[in-house]
Amino acid sequence: MSNTNTHTKVLIIGSGPAGYTAAIYAARANLNPILVTGYEPGGQLMITTEVENYPGFAEKIEGPWLVDQMRAQAENVGTEMISDYIVDVDTTQRPFKATGQSGEVYTGDTLIIATGAKARWLGIESEQTFQGRGVSACATCDGFFFKNQEVAIVGGGNSAVEEALFLTNFCSKVTLIHRRDSLRAEKIMQDRLFASDKVSVIWDHEVDEILGDDTGVTGLRLKSTKDDSTQNIDVQGFFVAIGHDPATELFKGKLDMDESGYLITAADSTKTSIDGIYGAGDVADHTYRQAITAAGMGCMAALEAEKHLSSKA
């Protein structure tokens, strides 16, 4: 184990669109940023097979390809990439100090947190089997691919209801599955849902198994939460909308967060509760959660870090 210390003006933790965009802007400002990638570089784009909504590409592109392009661009303009996983961060001293699993210590005059968020999954094996082949955790990203098809969505909060309504723009039928007999979503959202002639709700059931073949998802086996009886429904797509978990465990008790663990940032800013630390992308955004908004926040964070460093010079 090495125990050397690597210092930079801008230390970036995380390697999705937010981290890579922050790196591009910081490097072009001659700040020689260091980006620590984590063990799953690229974030949620790595499990997005087709991307149609990222500006600049007329044809569909692959999520992993887009990530590779971002990484190469960040490197080409002067970002130092380090494959390591941060296990501890000290926000009480300056420069800020991050310790990697390798034993390496990274210090930064500013710190950009871009560790992202992960969709919560149901945890059944068939969910992984059909991920990208009919199973998705993002209706906004993938709803278009199910034009004139029947789909199901599981969840009971605002996100599930919003995504169900969004899916009615494309799909011939949307079935919402909820394990209880009432939704947690806001009343106004529920009213819109129940008013749609494309939506049906199956109450008091959970998804027991995702059914499919070589073509992808063909249906779901649902299990009653009341009496363990099961029923099958035919669908071509299945969306999981039971929430996201931001990757902010490292910063609990160190930075201000909301009740769901998202970093709280100043209005129209990526500034966190500590001067010189910025939160970009899905760690601070529980509303949009898109690659393009994460990239925009990465840009903001780098510009704010540059301004902060200039003010201290």
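Residues numbered from 1 in each chain as written. Predicted model: local features only at pLDDT ≥ 70, side-chain atom pairs only at ≥ 80, totals over all residues. Heavy atoms only, no water.

Caption draft 1: Spatial organisation of the packing of helix H1 (residues 17-28) against helix H2 (residues 63-76). Viewed as axis vectors pointing N to C, H1 and H2 meet at an angle of 25°, and their least axial separation amounts to 8 Å. When the axis of H1 is compared with that of H2, the two are roughly parallel. Once H1 is placed against H2, the crossing between them reads as left-handed. Here H1 contributes Pro17, Tyr20, Ala23 and Ile24 to the contact with H2, which in turn contributes Val67, Met70, Arg71, Gln73 and Ala74. Considered class by class, the residues forming the contact of H1 with H2 number 7 nonpolar, 1 polar and 1 charged. (Axes fitted to C-alpha atoms, helices over the stretch in contact; angles between N-to-C directions. Helix = DSSP H or I, 4+ residues; strand = E, 2+ residues; numbered from the N terminus. Parallel < 35°, antiparallel > 145°, perpendicular 65-115°, else oblique. Left-handed = near helix turned anticlockwise from the far one by under 90°. Contact = heavy atoms within 4.5 Å. Nonpolar A, V, L, I, M, F, W, Y, C, P; charged D, E, K, R; others polar.)

Caption draft 2: Representation of the sheet that holds strand S12 (residues 205-213). Read across the sheet, 3 strands follow the order S12-S13-S14 without closing on themselves; strand pairing throughout is antiparallel. Two strands bound the open sheet, and with one partner strand each, they are S12 and strand S14 (230-234). Neighbour-to-neighbour, the strand axes of this sheet turn through a mean angle of 25°, independent of strand direction. Bridging between strand S13 (residues 216-224) and S14 involves 5 bridges; their strand directions are antiparallel. Considered in S14, the bridge of Leu220 is made with Ile233. (Pairing = 2+ DSSP bridges.)

Caption draft 3: Quick look at the sheet that holds strand S9 (residues 150-154). Spatially, S8-S15-S9-S10-S11 is the arrangement adopted by the 5 strands of the open sheet, whose pairing is parallel. A strand with exactly one partner marks an edge of an open sheet, and here the two such strands are strand S8 (135-136) and strand S11 (199-202). As defined by bridge partners, S9 adjoins strand S15 (residues 237-240) across 4 bridges and the pair is classed as parallel. The residue of S15 that forms the bridge with Ala152 is Phe238. Taken strand by strand, helix H5 (residues 158-167) contacts S9, strand S10 (173-177) and S15, and its axis lies near 170° from that of S9.

Caption draft 4: How the structure looks around a nonpolar patch on the surface. Side chains of Tyr39, Tyr85 and Val87 sit close together on the surface and give an oily, nonpolar patch of about 310 Å² of accessible area. Within the secondary structure, Val87 sits in strand S4 (residues 86-90). (Patch = residues over 30% accessible without salt bridge, like charges linked within 9 Å, V, L, I, M, F, W, Y side chains within 5 Å. Areas by Shrake-Rupley, 256 points an atom, 1.4 Å probe, with all protein chains shown as cover. Salt bridge = Lys/Arg side-chain N within 4 Å of Asp/Glu carboxyl O.)

Caption draft 5: A look at the packing of aromatic side chains. Under the criterion given, the structure shown has 7 aromatic pairs. With 6.0 Å between their ring centres and 85° between their planes, Phe144 and Phe170 make a pair best called edge-to-face. In this pair, Phe144 is assigned in the loop between helix H4 (139-142) and S9 and Phe170 in the loop between H5 and S10, connecting sequence segments 26 residues apart. For Phe170, a relative accessible area of 18% corresponds to the buried category. Note on Phe166 and Phe170: the rings are 5.3 Å apart at their centroids and 65° apart in plane angle, and the pair reads as edge-to-face. In this structure Phe166 comes out as partly exposed when scored by relative accessible area, which is 27%. (Phe/Tyr/Trp six-rings, centres within 6.5 Å; stacked < 30°, edge-to-face > 60°. Buried < 20%, exposed > 50% of the residue type's maximum accessible area, 1.4 Å probe, protein only.)

Caption draft 6: Molecular detail of the pattern of salt bridges. The tally for this structure, following the rule as stated, stands at 7 salt bridges. Asp245 is paired through a salt bridge with Arg120; the nearest N and O atoms lie 2.9 Å apart. You can see Asp245 sitting in strand S16 (residues 244-246) and its partner Arg120 sitting in the loop between strand S7 (117-119) and helix H3 (125-129), a full 125 residues away along the chain.

Caption draft 7: A look at the environment of Arg289. Mapped onto the secondary structure, Arg289 falls in the loop between strand S17 (277-279) and helix H7 (291-312). Expressed as a C-alpha distance, the spacing of Arg289 and Gly216, which sit 73 residues apart in the sequence, is 26 Å. Those residues in contact with Arg289, other than ones at most four positions away along the chain, are Ser159, His244, Tyr262 and Asp282. A distance of 3.3 Å separates polar atoms of two side chains, one belonging to Arg289 and the other to His244. A polar side-chain atom of Arg289 sits 2.9 Å from the main-chain carbonyl oxygen of His286. (Polar contact = N/O pair within 3.5 Å; in protein donor to acceptor, adjacent residues only side chain to side chain.)

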